[in-house]
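Reading the structure
Now for the letters of each chain:
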Amino acid sequence: MLDLTRREALKTLLTALAIPVAQQAEWAVADTRLPQRAGHLYFLKPTDPDYAQRRQIFNKRINLMPSLIAVCLSDQGVQTAIQYAAANNLPIAVKSGGHCFEGYSLNNKGLLVDLSLLKSFKYTTTNQAFITQPGAKLGEVYAYLAQFKRLIPAGSCAGVGVAGLTLGGGYGFFSRSLGLTCDSLTRVKMVDGQGKLLDSNDNPELLWACKGGNNGSLGIVTELQFKTHPSPAQFTNYRFKYRSLTANKVSALAERWFALMPNLPTTCYSSWVLGPTQLTILITDLAARSSPALQTILQQLGKDASTVQGAQQDEFLRGIQRFRGGTEPMYFKNVSAGYYQRYADIKSVLPALFTQMQAAPLRQNLLQINTLGGAIREGFSASSAAYPHRNYLYLGEFQVYYERANDTPKAENLVNQVQARFTQAGIRAHYANYPDLGLKNWANAYYAESYPRLQALKRKLDPQNRIQHPQSIGL
């Protein structure tokens with residue numbers, strides 16, 4: 001804990017808030033009274049009108065209730081919130097976009113540091129850099145940078161916070177040609193667990209850790225700087241749908257897709273999305289015209305498809321916005337289904353998994369497998385970023401969506417059973433941005449050889465483990 005008495009900590013807090021002297025004296029006596037708004041932050045209790053809105057995250061399945069929410073309006077506000085938590089021995093959860101699958105941006109009976117109002121950003125033409133606060137959403141960032149014909153390589157969901165995406169890695173349509181989102185990160189500013197404002201320009205280890213290893217663990221990032229890349233003039237997508245599925249047909253379609261993907265141009269991305277009644281294969285392309293290699297793949301995929309959507313070509317921003325996803329909170333239980341190198345890695349899983357998906361009581365269940373490789377694998381090294389899984393070529397995600405809160409046990413049970421299948425098949429590596437609370441060896445699964453180095457940094461930055469969640473970096 002900070003080397004402060006309780007009264008000294010409160011004095012520091014009040015000074016930072018710039019509360020008039022008369023109010024300082026009153027609050028110092030009755031320290032449970034919190035200012036509702038003052039300069040750099042304001043606090044919300046569960047009885048306050050705005051508490052429910054600020055507590056809400058994207059996953060309605062998660063019902064954790066912080067004792068207090070610190071809505072931060074500046075770096076100083078974040079520092080003050082951490083000082084308050086230290087003085088009152090409160091664990092801290094951090095929320096920017098609020099999209100964490102397992103709700104790690106909330107806690108029970110702790111302090112929630114809400115960064116969602118820290119959402120300013122700017123593009124600097126002199127060095128073609130993009131600087132953003134953590135509350136910025138991906139859809140806004142794409143639209144803003146498009147006017148400069150620039151982008152950062154990220155995902156497609158408009159409501160996802162850029163900070164959380166980056167700090168866990170970040171992949172999407174551009175990753176095979178430009179690398180992960182975190183690979184374009186050049187600088188961060190962060191408040192550590194002791195309330196100190198740090199700059200990665202002064203400590204390169206911070207930048208390494210924030211490239212895939214710092215979601216709600218080491219400190220609270222208040223500013224991120226990225227190098228940007230030229231945006232393509234257009235964005236093309238193709239879709240293939242397959243119906244009348246059987247377990248054997250699913251296996252055959254998977255084997256063919258995996259066999260074709262090593263020849264997929266790096267300007268392209270593909271996802272293989274299996275539901276109980278239909279398989280959809282998506283391919284996107286950033287190139288001005290399709291290559292012969294892509295044309296061969298498209299022909300092979302179209303041979304026995306029930307429906308083929310040919311090239312849908314848009315100007316860049318419109319093309320990305322077609323995949324913006326939902327922005328309103330919903331009930332779901334999604335998890336990483338592991339990294340793979342080849343079809344053989346999941347060959348034993350697919351037939352029984354598909355049968356289980358068909359029989360599941362919740363019909364909105366999906367297995368999505370996405371292509372990696374390209375620049376992720378060849379353009380960057382594991383030593384330059386905490387993200388450890390560059391050599392894998394595919395990433396799986398199992399998803400369950402539902403409408404009623406009382407279906408939560410069914411969703412969780414289905415996901416747990418499916419995850420057990422992958423574990424039994426030898427799948428051990430998982431994506432930290434798709435956390436699964438049920439993973440036993442999660443530290444190695446998410447961070448592999450990076451974990452001891454992250455632990456060493458955790459001990460320096462947050463020695464009291466103030467900033468934490470069930471799968472945060474341990475001391």
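Use the structure listed above.
Throughout, residues of each chain are indexed from 1 in the direction in which the sequence is written. With the structure being a predicted model, the display of local features is reserved for residues of pLDDT at least 70 and the display and counting of side-chain atom pairs for 80 or more, all residues being used for whole-chain, interface and lining totals. Note that the side-chain values use all heavy atoms of the structure and ignore hydrogens as well as water.

In terms of helices and strands, the chain carries 16 helices and 18 strands. In this treatment the radius of gyration is a C-alpha quantity, and the globule benchmark scales as 2.2 Å times the residue count to the 0.38 power. At 23 Å, the chain has a C-alpha radius of gyration in line with the 23 Å of a compact globule built from 475 residues. Here the C-alpha coordinates of the chain stretch approximately 80 × 55 × 40 Å along the principal axes. Going through the 475 residues of the chain one by one, you find that 57% of them count as buried. Pairs of residues are marked as contacts when any of their non-hydrogen atoms sit within 4.5 Å. Looking at the chain alone, contacts between residues at least 24 apart form 72% of all its contacts between residues at least 6 apart. In these tables, accessible area is a Shrake-Rupley quantity obtained with a 1.4 Å probe, and a residue counts as shielded only by the protein chains included in the view. Roughly 19,000 Å² of accessible area belongs to the chain as shown, and the carbon and sulfur atoms make up 50% of that amount. Across the chain, the mean location of the 49 positive side-chain charges is 4 Å away from that of the 31 negative side-chain charges. A run of H or I in DSSP counts as a helix once it spans at least four residues, and a run of E counts as a strand once it spans at least two, with each numbered from the N terminus. Burial status follows relative accessibility: with a 1.4 Å probe on protein chains alone, a residue under 20% of its type maximum counts as buried, one over 50% as exposed, and anything between as partly exposed. We treat Lys and Arg as the positive residues and Asp and Glu as the negative residues; His and chain ends play no part in the count. The atom standing in for a charge is NZ when the residue is Lys, CZ when it is Arg, CG when it is Asp and CD when it is Glu.

Going residue by residue along strand β6 (residues 129–132), you find A129 and I131 tucked away on one face and F130 and T132 tucked away on the opposite face as well. Bridge analysis of strand β5 (residues 121–124) against β6 gives 4 bridges, and the strand direction is antiparallel. Bridged to Y123 within β6 is F130. Where β5 folds back onto β6 in an antiparallel hairpin, the turn is made up of 4 residues, including Q128, whose phi is positive at roughly 55°. Two strands qualify as a pair provided that DSSP identifies no fewer than 2 bridges between them. In this sheet, strand β10 (residues 219–227) lies alongside β6 in antiparallel orientation, the contact comprising 4 bridges. Looking at β10, one finds that T132 is bridged to L224.

Looking now at the pattern of salt bridges. Salt bridge, as used here, is a side-chain nitrogen of Lys or Arg placed within 4 Å of a carboxyl oxygen of Asp or Glu. Tallied over the entire structure, the rule returns 15 salt bridges. Notably, a salt bridge pairs D48 with K45, separated by 3.8 Å at the nearest N-O pair. Residue classification places K45 among the partly exposed positions, given a relative accessible area of 29%. The partner of D114 in a salt bridge is R54, with the nearest N and O atoms 3.7 Å apart.

A word on the nonpolar core. The criterion is simple. A nonpolar core is a set of buried Ala, Val, Leu, Ile, Met, Phe, Trp, Tyr and Cys residues joined through side-chain atoms within 4.5 Å. Among the nonpolar cores identified, the biggest contains 65 residues, and Y142, Y171, F173, F174, Y447 and L454 are the most heavily contacted of them. In contact with F174, not counting residues within four places along its chain, are Y142, L151, P153, A154, G179, L286, F316 and I320. Ranked by size, the runner-up nonpolar core spans 49 residues in total, among them L260, V349, L362 and V400.

Moving on, we come to the state of the cysteines. Disulfide: a pair of cysteine sulfur atoms within 2.5 Å of each other. Overall, the coordinates contain 0 disulfides when judged by the stated rule. Left without a disulfide partner, C100 is nearest to the cysteine sulfur of C157, which lies 14 Å away. The thiol of C182 is unpaired, and the distance to the nearest cysteine sulfur, on C210, comes to 10 Å. Judged by its relative accessible area of 0%, C182 is buried.

The next thing to look at is the environment of D183. Residue placement: D183 occurs in the loop between α7 (175–178) and β8 (185–192). You can call D183 buried: its relative accessible area is 5%. As a C-alpha pair, D183 and Y343 span 160 residues in sequence and 27 Å in three-dimensional space. The contacts of D183, once residues within four sequence positions are left out, are K211, K227, F380 and R390. There is a polar contact of 2.9 Å between the side chain of D183 and the backbone nitrogen of L180. Polar contacts here mean pairs of N or O atoms no more than 3.5 Å apart (in protein, one a potential hydrogen donor and the other a potential acceptor; neighbouring residues in sequence count only if both atoms are side-chain atoms). Polar contacts involving the side chain of D183 include one to the side chain of R390, which spans 2.6 Å.

Below, the discussion takes up the sheet that holds β5. Strand order in the open sheet formed by 5 strands is β5-β6-β10-β8-β9, with antiparallel pairing between adjacent strands. Lying at the two open borders of the sheet, with one neighbouring strand each, are β5 and β9 (197–199). Averaged over all neighbouring strand pairs, the angle between strand axes comes to 15°, with direction disregarded. Pairing analysis gives 7 bridges linking β8 to β10, with the strands arranged antiparallel. Each residue of the ladder has a partner; that of L185, found in β10, is F226. To define axes, lines are fitted to C-alpha atoms, for helices over the stretch in contact only, and angles between the resulting N-to-C directions are given on a 0 to 180 degree scale.

Let us now look at the sheet that holds strand β4 (residues 111–114). The 4 strands are arranged β1-β2-β4-β3 in an open sheet whose pairing can be described as mixed. Across the chains shown, the open sheet's two edge strands, defined by having one partner strand only, are β1 (41–44) and β3 (92–95). When the angles between neighbouring strand axes are averaged without regard to direction, this sheet yields 20°. Note that strand β2 (residues 68–72) and β4 share 4 bridges and pair parallel. Residue pairing for β4: A70 is matched across the bridge by V113. On the sheet, helix α4 (residues 75–87) packs against β1, β2, β3 and β4 and is oriented at approximately 160° with respect to β2.

Glancing now at the packing of aromatic side chains. The pairing test for Phe, Tyr and Trp rings, Trp by its six-membered ring, is centres within 6.5 Å, and the orientation test on the planes gives stacked under 30 degrees, edge-to-face over 60, and tilted for anything in between. For the coordinates displayed, the defined rule picks out 32 aromatic pairs. Measuring from ring centre to ring centre gives 6.4 Å for Y142 and F316, while their planes differ by 80°; the resulting arrangement is edge-to-face. In this pair, Y142 is assigned in helix α5 (residues 138–146) and F316 in helix α11 (residues 316–321), connecting sequence segments 174 residues apart. Residue classification places F316 among the buried residues on the basis of a relative accessible area of 4%. Summarising the aromatic geometry, the rings of F174 and F316 are spaced 5.9 Å apart at their centres and angled 55° between planes, so their arrangement reads as tilted. Of the two residues, F174 sits in the loop between α6 (162–167) and α7 while F316 sits in helix α11, which places them 142 residues apart along the sequence. By the ring-pair criterion, three or more aromatic residues cluster together here, those being F58, F101, Y171, F332, Y401, Y431 and Y434. By definition, being over a ring means that NZ of Lys or CZ of Arg is both within 6 Å of the ring centre and within 35 degrees of the ring normal. R453 extends its terminal NZ or CZ atom over the ring of W208, reaching a point 3.7 Å from the ring centre.

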